[in-house]
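Here's the letter readout for the chains.
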Amino acid sequence: MAVDTATPGAVLGTPRPNTPRARRYLAPLLLPAVILLALLSIYPFVWLIYMSFHAVGLAPGAPSEFVGLDNWQRMFTDSQYWASWGVLARYSVVSMVLEVGLGTLLAILLNRSKHEKLLITVLLMPMMMAPVVAGLLWQYLYNGTFGWYFWGLRSVGLLDEGTILGSADTALWAIVAVDVWEWTPLVALIVLSGLKLVPQDQLEASWMDGAGPVRSFFQVALPSIKGSLMIAILLRFMDNIRIIDHFIALTGGGPANSTKVLPLYLYEQSFSFFELGYGASIALTLLLVTILFGKLVVNRFEEREPRPSKKDEELV
Amino acid sequence: MTTNPRTGTRDDVTQVQDDRADVRGDDLLPGPAVDARDQVVRGRGSRIAGVVITAFLGLYVIWTLVPFYIMITSSFKASDAAFALPPEGDWGGAVSQLFVFSPTTEHYRGLFAQGEFERYFTNSVVAAVASAVISVVFGTTAAYAISRGRFRGKRDLYFWIISTRMAPVVAVTVPLYAIFKNFALLNTLPALILAYTVFNLPFAIWILKGFFDSVSYEIEEAYMVDGHSRWQALWKIIPLVAPGLAAVVVLCILLAWNDFIFAAVMGGEAAKTLPVATQGLKSASGIEWGQIMAAGVVTVAPMLLLGIVIRKYMVQGLTMGAVKQ
């Protein structure tokens, strides 16, 4: 860190953070957490690879049978596997577009509002709700007999027949709405933090030149909040892969598999049919995509912090 | 507080932003100072814009709060009242039905009458708090070491830690289920505590590192010059990151408390938590919507309270520290 290099530790004769003496202190601080995390993440990861080549025995003590590439072959020829990627992509793209559009608009207005603090408190509320509870609550609102949102949609004439969750045409978008309800505020708050850094003098200059609010936004504000927007988009994509509680509560994948996103298909294979070996193969492909996304996210984070320079690393 | 690790000139940056906040008026869009704006948008136009903005924000607040309102009121309505809807298009009837009803606590009494719901609540508390404490204790020392140390492979260590946090919950559940089965840990609280630690420990390390980065090394150095050991120096600066510790504890509790998948797969009946119990009300002998709403209130209320307490750090935590408040 640049901050650390500036400290005059060596001059005072105390251990600087990068000396061998300092490392003796740092290792015992670091290692317990690293070992615990390794046990909880690398060990299961190795297991996952092992499982993907086996038909996993379910009875206590039952051995797993080596099946070679069977699970993998099955996955690549499984049409539902690929269809579920499609559902996940459609779901993620649509909810992301809505959340980013609405969230950016909200952020701009919040930034100008006298009641910013109060509004942020309100916006935080949906994010505190357990996703499965949010799913159940919305299932109640969508219910075709006594759901208020169902009643509202019928009353304004937007829904002619069928129920919201019972139709393959509407079920996925109904879950998108829940995601938008719960997580648009997160996007808004990330973008808001970016807006706070927009250079005001440039905006003023843009206004003086006669550019309207919309043009000023695209010319001056947008470049400044690009980084925040990118983080928001990536985090939302990651969470769409991570969390399937809304789907479990609202539809369980139906009707006619129209809401069966890939993580939900994985859940079903592993814990409804107990095809744990096959589940492991699917899980590994999901993890691979997550790691790629994770790399993008981390690169974004690091743009806000200096990379440790080569010189620093050589000091060790 | 806004920190700038690149230059270390936090105070200056904060100062500049404060100045800017003063200049910023209460007007539309990330616009310039008020006087410059008036030349562009004149009186009437800006008043209309103001009305539109207020209306949009008002509608958004309503959209956000209506589900909460319906959840809370339905949990206090007798079943026949909660299930009754006015005829389609009868908006007046809707308003009276939404706001006028005689409250009853029958659903809450029904929940706790089974005698099991208190246990689910306790399970949720134990699993969430234990995982949060483990994560913060191990996370604090590791975050300190990563913040202060320079060693080869630090970036790879970083990436490994954060990617663990971002792994899909179901993908992690598959191997953990098999492992916990081998160790006969299925359907126990320790299984849940360990599972939550998979996500909470990297989260704690990641966020706390940011807090340690914002504490100047010179403070520890001063203690060490005075003859304190490094461990003592770390102990001495803990108060400086205390707000961070509190925020991380709450956010770890929030993540564990709100989990469904781990508890549904590995908790069983013995370690059933509130979200699983709430979802369980759906399949057991028909759907008890009144009780589901009551269970939802019981599940959500504590987290709302905690969230408001650490409101300031909430965004930072939910964005993995990408946004510093």
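Participant: What is the right way to read the overall build of chain B from this model?
Facilitator: Within chain B, the regular secondary structure consists of 16 helices and 0 strands. Within the span of chain B, comprising 325 residues, buried residues form 55% of the whole. When the accessible surface of chain B is totalled, it reaches about 13200 Å², and 64% of it is carbon and sulfur.

Participant: Could you clarify how one ought to interpret the packing of aromatic side chains in this entry?
Facilitator: For any pair of aromatic rings, the description consists of the separation of the ring centres together with the inter-plane angle of the planes. Considering all chains together, one arrives at 30 aromatic pairs over all chains under this definition. Judged by centre distance (5.8 Å) and plane angle (45°), the ring pair of A:Tyr140 and A:Phe146 falls under tilted. We note that A:Tyr140, like A:Phe146, is buried. Consider the rings of B:Phe117 and B:Tyr120, whose centres lie 6.2 Å apart with planes at 75°: the pair is edge-to-face. With B:Phe117 and B:Tyr120 both in helix 7 (residues 117-148) and 3 residues apart, this pair spans about one turn of that helix. Across the pair, B:Tyr120 and B:Phe117 agree in class, each one buried.

Participant: Explanation requested: the environment of B:Gln291 in the structure shown.
Facilitator: Residues and elements named next belong to chain B. One can find Gln291 in helix 15 (residues 289-309). With 216 residues separating them in the primary sequence, Gln291 and Ser75 have C-alpha atoms 6.7 Å apart. Leave out the neighbours within four places in its chain, and Gln291 touches His107, Gly110, Leu111, Gln114 and Leu281.

Participant: Help me understand the layout of surface pockets, please; the structure alone is not making it clear to me.
Facilitator: Volume-wise, the second largest pocket comes out at about 810 Å³. Lining the second largest pocket are 27 residues; nearest its centre among them are A:Trp148, A:Tyr149, A:Gly152, A:Leu153 and B:Trp63. The set of elements that each furnish at least two residues to the lining of the second largest pocket consists of helix 7 (131-142), helix 8 (148-155) and helix 9 (171-195) of chain A together with helix 3 (43-75) and helix 5 (91-99) of chain B. In terms of residue count, the dominant contributor to the lining of the second largest pocket is helix 3 of chain B (7 residues). Split into classes, the residues belonging to the lining of the second largest pocket amount to 25 nonpolar, 2 polar and no charged.

Participant: Would you take a moment to explain helix 5 of chain B for this structure?
Facilitator: In an α-helix, one full turn covers 3.6 residues, which means residues spaced three or four apart are oriented alike. Residues and elements named next belong to chain B. Within helix 5 the residues assigned to the buried category are Gly93, Ala94 and Leu98. Seen end-on, helix 5 carries its buried residues on one side only, within an arc spanning 130°. With respect to the buried face of helix 5, the exposed residues turned more than 90 degrees away are Gly92 and Phe99.

Participant: Honestly, empty space enclosed by the protein in this entry has me stumped. Any pointers?
Facilitator: Under the counting rule described, the total for this entry stands at 8 cavities of 30 Å³ or more. Around the largest cavity sit 36 residues that line it, and A:Trp183, A:Asp239, A:Arg242, A:Ile243 and B:Leu255 are the ones nearest its centre. Taken together, the elements giving at least two residues each to the lining of the largest cavity come down to helix 9, helix 11 (213-242) and helix 12 (245-250) of chain A together with helix 8 (154-166), helix 10 (189-213), helix 12 (230-258), helix 13 (261-267) and helix 16 (311-318) of chain B. Broken down by element, the lining of the largest cavity gets its largest block of residues, 6 residues, from helix 11 of chain A. Counted by class, the lining of the largest cavity contains 24 nonpolar, 4 polar and 8 charged residues.

Participant: Help me out: how do you make sense of the nonpolar core in this one?
Facilitator: One recurring pattern in soluble globular proteins is that nonpolar side chains are buried together. A:Met129, A:Trp138, A:Tyr142, A:Tyr267, B:Phe262 and B:Met266 are the most contacted members of the largest nonpolar core, which has 205 residues in total. Among the elements that make up this core, the one with the highest residue count is helix 10 of chain B (17 residues). With residues near it in sequence (within four places) discarded, B:Met266 still touches B:Thr173, B:Leu176, B:Tyr177, B:Phe180, B:Leu186, B:Asn187, B:Thr188 and B:Ala195.

Participant: I'm lost on a nonpolar patch on the surface in this one. Help?
Facilitator: On the surface, A:Leu31, A:Ile35, A:Leu39, A:Tyr43 and B:Phe183 cluster together to form a nonpolar patch covering roughly 510 Å² of accessible area. Tracing the chain through its elements places A:Ile35 in helix 3 (residues 20-52).

Participant: What should I look at first to understand unusual backbone geometry in this one?
Facilitator: Trans is the prevailing form of peptide bonds, just as negative phi is the prevailing case for residues other than glycine. The omega torsion of the bond from A:Gly254 to A:Pro255 falls at -15°, within 30 degrees of zero and hence cis. For A:Asn257, which is not glycine, the phi torsion reads 60° and is therefore positive. Structurally, the position occupied by A:Asn257 is in the loop between helix 12 and helix 13 (262-271). In the Ramachandran plot, B:Asn187 falls in the positive-phi region, its phi being about 60° despite a non-glycine side chain. If you trace the backbone, B:Asn187 turns up in the loop between helix 9 (169-182) and helix 10.

Participant: Looking at this model, I keep getting lost on the side chain of A:Thr285. Mind explaining?
Facilitator: Residue and element names in this part refer to chain A. Relative to the elements of secondary structure, Thr285 occurs in helix 14 (residues 276-303). Take Thr285: its relative accessible area is 14%, and that puts it in the buried class. Setting aside residues up to four positions removed in sequence, Thr285 forms contacts with Trp72, Met75, Tyr81 and Trp85.

Participant: Please explain the environment of B:Phe101 as it appears in this structure.
Facilitator: Residues and elements named next belong to chain B. Relative to the assigned elements, Phe101 resides in the loop between helix 5 and helix 6 (106-113). As a C-alpha pair, Phe101 and Lys77 span 24 residues in sequence and 6.9 Å in three-dimensional space. Leaving out residues up to four positions away in the same chain, Phe101 has contacts with Thr73, Phe76 and Lys77.

What counts as what
Residues numbered from 1 in each chain as written. Chains lettered and ligands numbered in written order. Predicted model: local features only at pLDDT ≥ 70, side-chain atom pairs only at ≥ 80, totals over all residues. Heavy atoms only, no water. Helix = DSSP H or I, 4+ residues; strand = E, 2+ residues; numbered from the N terminus. Buried < 20%, exposed > 50% of the residue type's maximum accessible area, 1.4 Å probe, protein only. Areas by Shrake-Rupley, 256 points an atom, 1.4 Å probe, with all protein chains shown as cover. Phe/Tyr/Trp six-rings, centres within 6.5 Å; stacked < 30°, edge-to-face > 60°. Contact = heavy atoms within 4.5 Å. 1 Å grid on protein atoms, 1.4 Å probe; cavity = no way out; pocket = protein on both sides within 12 Å on 5 of 7 lines; lining within 4 Å. Points joined across faces, edges and corners; volume = space filled by probe spheres on them. Nonpolar A, V, L, I, M, F, W, Y, C, P; charged D, E, K, R; others polar. Arc of directions from axis to C-beta. Core = buried A, V, L, I, M, F, W, Y, C linked by side-chain atoms within 4.5 Å. Patch = residues over 30% accessible without salt bridge, like charges linked within 9 Å, V, L, I, M, F, W, Y side chains within 5 Å. Salt bridge = Lys/Arg side-chain N within 4 Å of Asp/Glu carboxyl O.

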